Amino acid sequence: MSSTPTVTTLLRAWRSGDEAALDALTPLIYDDLRRIANRHMQLERSGHTLQATALVNEAFVRLSDADLEIQDRAHFLSIAARTMRRILADYGRARRSQKRGGGLSPVTLHEDVVADGRAMDIVDIDDALARLAEIDARKSDVLVLHFFGGLTFEETAEALDISAATVDRDLRFAKAWLANELKDN
């Protein structure tokens, strides 16, 4: 049996205040967090002033300040993906507020999600996902984890404690719902 602590063990130790656990944990999850951040940043306007590294760092700060019970690696990555989406949405809202709606560059979601291929603003997407969460939180979570978080069907299923087949069904529904919701924006 290996004496090397698992990611889950290190996450729990970090959340309990063990700074040494964070030092051991960071190289084990940093690439996953960068992948998630890069995926989020691909959806942003070109020339965005927030970079993937800053997004990872801000997510770490928010996660370290939050009172969370981390179950395992997949659960942590799902929370990190949601946190990054919130950071970018907050950033977009602040920018929109400063510009009073003028000059916003749109965010291209994905041709499967936005039926007519038009680009959407991250704030519009975030608002639509919040409305979906009010109707069906799990379907919203599946879309966020898979699309924004870049988790596979299996990782999403593990994070939400559902089957990969349920992930597939929920994802198809959520993408269709989101495309319909965003078509008038």
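It should be noted that the structure appears before, not after, this text.
Criteria and thresholds
- Residues numbered from 1 in each chain as written.
- Predicted model: local features only at pLDDT ≥ 70, side-chain atom pairs only at ≥ 80, totals over all residues.
- Heavy atoms only, no water.
- Helix = DSSP H or I, 4+ residues; strand = E, 2+ residues; numbered from the N terminus.
- Contact = heavy atoms within 4.5 Å.
- Buried < 20%, exposed > 50% of the residue type's maximum accessible area, 1.4 Å probe, protein only.
- Axes fitted to C-alpha atoms, helices over the stretch in contact; angles between N-to-C directions.
- Parallel < 35°, antiparallel > 145°, perpendicular 65-115°, else oblique.
- Nonpolar A, V, L, I, M, F, W, Y, C, P; charged D, E, K, R; others polar.
- Core = buried A, V, L, I, M, F, W, Y, C linked by side-chain atoms within 4.5 Å.
- Phe/Tyr/Trp six-rings, centres within 6.5 Å; stacked < 30°, edge-to-face > 60°.
- Lys NZ or Arg CZ within 6 Å of the ring centre and 35° of its normal.
- Arc of directions from axis to C-beta.
- Expected span 1.5 Å × (residues − 1).
- Polar contact = N/O pair within 3.5 Å; in protein donor to acceptor, adjacent residues only side chain to side chain.

### Section: the overall build of the chain
And then number 1: What the chain contains, in helices and strands, is 8 helices and 0 strands.
And then number 2: Reading the chain from its N terminus to its C terminus gives the helix and strand order α-α-α-α-α-α-α-α.
And then number 3: Sequence-distant contacts, at least 24 apart, represent 66% of the contacts inside the chain between residues at least 6 apart.

### Digging into the environment of tryptophan 177
And then number 1: On the secondary structure map, tryptophan 177 appears in helix H8 (residues 164–182).
And then number 2: We classify tryptophan 177 as buried; its relative accessible area is 16%.
And then number 3: Sequence separation between tryptophan 177 and lysine 139 is 38 residues, and the spatial gap between their C-alpha atoms is 9.8 Å.
And then number 4: The contact partners of tryptophan 177, leaving out residues within four places of it in the chain, are Ala128, Arg131, Leu132 and Ile135.

### Regarding the packing of helix H6 (residues 137–148) against H8
When two helices pack together, their arrangement is given by the angle between the helix axes and the distance between those axes.
And then number 1: Contact geometry of H6 with H8 gives a least axis separation of 8 Å together with a crossing angle of 90°. By the angle between their directions, the pair H6 and H8 is classed as roughly perpendicular. Every residue of H8 that contacts H6 at Arg138, Lys139, Val142, Leu143 and His146 is listed here: Thr166, Val167, Asp170, Leu171, Phe173, Ala174, Lys175 and Leu178.
And then number 2: Taken together, the residues of the contact of H6 with H8 break down into 7 nonpolar, 2 polar and 4 charged.

### Considering the nonpolar core
And then number 1: Formed by 51 residues in total, the largest nonpolar core has its most connected members in Trp14, Leu33, Leu55, Phe76 and Met84.
And then number 2: Elements that contribute at least two residues to this core include exactly helix H1 (7–15), helix H2 (19–42), helix H3 (52–65), helix H4 (73–99), helix H5 (122–135), H6, helix H7 (153–160) and H8.
And then number 3: No other element matches the 9 residues that H4 contributes to this core.
And then number 4: Ignoring anything within four residues of it in the chain, the contact list for leucine 33 reads Val56, Phe60, Phe76, Leu77, Ala80 and Met84.

### Regarding the packing of aromatic side chains
And then number 1: Counting across every chain of the model gives 3 aromatic pairs.
And then number 2: An angle of 70° between the planes, with centres 5.3 Å apart, marks the rings of tryptophan 14 and phenylalanine 60 as edge-to-face. Note that tryptophan 14 is positioned in helix H1 and phenylalanine 60 in helix H3, a separation of 46 residues in sequence. Like phenylalanine 60, tryptophan 14 is buried.
And then number 3: According to the relative accessible area criterion, phenylalanine 60 is buried, its value standing at 14%.
And then number 4: Its guanidinium or amino end placed over the ring of phenylalanine 147, arginine 39 lies 5.6 Å from that ring's centre, counting from NZ or CZ.

### A short note on H1
Residue pairs three or four apart in sequence face the same way in an α-helix, which turns once every 3.6 residues.
And then number 1: Among all positions in H1, only Val7, Thr8, Leu10, Leu11, Trp14 and Arg15 are buried. In a view along the axis of H1, the buried residues occupy a sector of 165°, so they form one face of it.
And then number 2: One or two steps after H1, the chain reaches glycine 17, where phi turns positive at roughly 105°.

### Concerning H8
And then number 1: Here H8 contains 19 residues, and its C-alpha end-to-end distance of 26 Å stays within 8% of the 27 Å for a straight helix at 1.5 Å per residue.
And then number 2: Every buried residue of H8 is accounted for by Thr166, Val167, Asp170, Leu171, Ala174, Trp177, Leu178, Ala179 and Leu182.
And then number 3: Packed against the buried residues of H8 are H5, H6 and H7.

### Observations concerning the environment of serine 140
And then number 1: As for its position among the elements, serine 140 is in helix H6.
And then number 2: Those residues within four positions of serine 140 in sequence are excluded, and the remaining contacts are Leu129, Leu132 and Ala133.
And then number 3: In terms of polar contacts, serine 140 uses its side chain to reach the backbone carbonyl oxygen of leucine 129, at 3.3 Å.

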